[in-house]
Amino acid sequence: MTAGLLLAAGAGRRYGRPKALVELDGEPLVWRGIRLLRAGGCTPVHVVLGAGADDLPELPGAVPVRHDRWRDGLGSSLRRGLASLPATVPAAVVVLVDQPLLSPVAVRRVRAAHGAGAAVAVATYAGRPGHPVVLDRSTWALLDVYAVGDRGARDLLRARPDLVVEVPCDDAGSPADVDTPADLPAR
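Residues numbered from 1 in each chain as written. Predicted model: local features only at pLDDT ≥ 70, side-chain atom pairs only at ≥ 80, totals over all residues. Heavy atoms only, no water.

Undergrad: Sorry if this is basic, but what is going on with the side chain of H67 here?
TA: Position of H67 among the secondary structure elements: in the loop between β5 (63-66) and α2 (74-84). At 3.0 Å, the side chain of H67 and the side chain of S76 are in polar contact. With residues near it in sequence (within four places) discarded, H67 still touches V48, L49, G50, S76, S77 and R80. (Helix = DSSP H or I, 4+ residues; strand = E, 2+ residues; numbered from the N terminus. Polar contact = N/O pair within 3.5 Å; in protein donor to acceptor, adjacent residues only side chain to side chain. Contact = heavy atoms within 4.5 Å.)

If you want it as structure tokens, here you go:
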């Protein structure tokens, strides 16, 4: 069992509103992220919420995780989300709500890398690390040091390459961020 963790707590300052509420093809990005993780085989799926949480629709197939300290940055949201998972969960696949073009294929690939023994598996696009990222429970305590401010697991990936397996996903979606309304894919 690999859990899914969708980080969706930010205010979306550059976008002008929380990105979890933004719609693509008539669907809130938060729902797309939940669907991505579930289609990739993750269970349970937890969603870390902060800004705009009271305005979000229901989260079918996911457990909402309120994070009152979301202003502390991505690192605190990641740590809060991991702490919310049941003790029986051995690993979590982490994705960001503002990357709506990720593919369930990429989720399955990083899960497979974890199943083959990777403590951390990261999807790569054109050789650059992106999401999804799977983190084995044995690495979660390290995030107290590495996931601070607006930094998620990136510093862990750089500091501990001995733990990391890169998983090419060039053919499995796009890691493009939606930071402004102009970044939303035209459909």
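Undergrad: Would you explain unusual backbone geometry in this entry?
TA: For residues that are not glycine, phi is negative in most cases, and the peptide bond is trans in most cases. Looking along the chain, the bond that leaves T43 and enters P44 is cis, with omega of -10 degrees. Inspection of the secondary structure assignment puts P44 in the loop between α1 (29-39) and β4 (45-49). For D25, which is not glycine, the phi dihedral falls at a positive 55 degrees. Summarising the element assignment, D25 is placed in the loop between β2 (23-24) and β3 (27-28). Non-glycine residue A126 carries a positive phi angle of around 55 degrees.

Undergrad: Teacher, can you tell me more about α2 here?
TA: In an α-helix, one turn spans 3.6 residues, which is why side chains three or four residues apart end up on the same side. G75, S76, S77, L78, G81 and L82 are the residues of α2 that are buried. On its buried face, α2 is in contact with β1 (3-8), β4, β6 (91-96), β8 (128-136) and α4 (143-146). (Buried < 20%, exposed > 50% of the residue type's maximum accessible area, 1.4 Å probe, protein only.)

Undergrad: I keep staring at the pattern of salt bridges and nothing clicks. Help me out?
TA: Pairs can form between side chains of opposite charge whenever their charged atoms are close. Taken as a whole and judged by the stated rule, the model has 11 salt bridges. The partner of R79 in a salt bridge is D144, with the nearest N and O atoms 4.0 Å apart. With R79 in helix α2 and D144 in helix α4, this pair connects stretches of sequence that are 65 residues apart. A single salt-bridge network, built from bridges that share partners, covers R14, K19, D98 and D179. (Salt bridge = Lys/Arg side-chain N within 4 Å of Asp/Glu carboxyl O.)

Undergrad: Any chance you could explain the confidence of the model for the chain here in plain terms?
TA: Residues shown with low pLDDT carry predicted positions that ought not to be read at fine detail. Of the residues in the chain, 98% reach a pLDDT of 70 or more, and the chain-wide mean stands at 91. The least confident element of the chain is α4, whose mean pLDDT is 80; the most confident is helix α3 (residues 104-115), at 98. (pLDDT = per-residue confidence, 0-100.)

Undergrad: Looking at this model, I keep getting lost on the environment of G61. Mind explaining?
TA: With respect to the helices and strands, G61 occurs in the loop between β4 and β5. G61 sits 16 residues away from V45 along the chain, and the two C-alpha atoms are 7.1 Å apart. In this view, G61 contacts I34, R38 and V45; residues no more than four positions away in its chain are not counted.

Undergrad: For this particular structure, what's the right way to read the nonpolar core?
TA: In a soluble, globular protein the nonpolar side chains are often hidden away together inside. Core analysis: the biggest nonpolar cluster contains 38 residues, and L6, V30, I34 and V47 have the highest contact counts within it. Residue assignment for this core shows that the elements contributing at least two residues are β1, α1, β4, β6, α3 and β7 (120-125). No other element matches the 5 residues that α1 contributes to this core. Setting aside chain neighbours within four positions, we find V30 in contact with L6, A8, A20, V47, L56, L59 and V97. Counting 26 residues, the second-largest nonpolar core is a separate cluster that includes L5, L7, L78 and L135. (Core = buried A, V, L, I, M, F, W, Y, C linked by side-chain atoms within 4.5 Å.)

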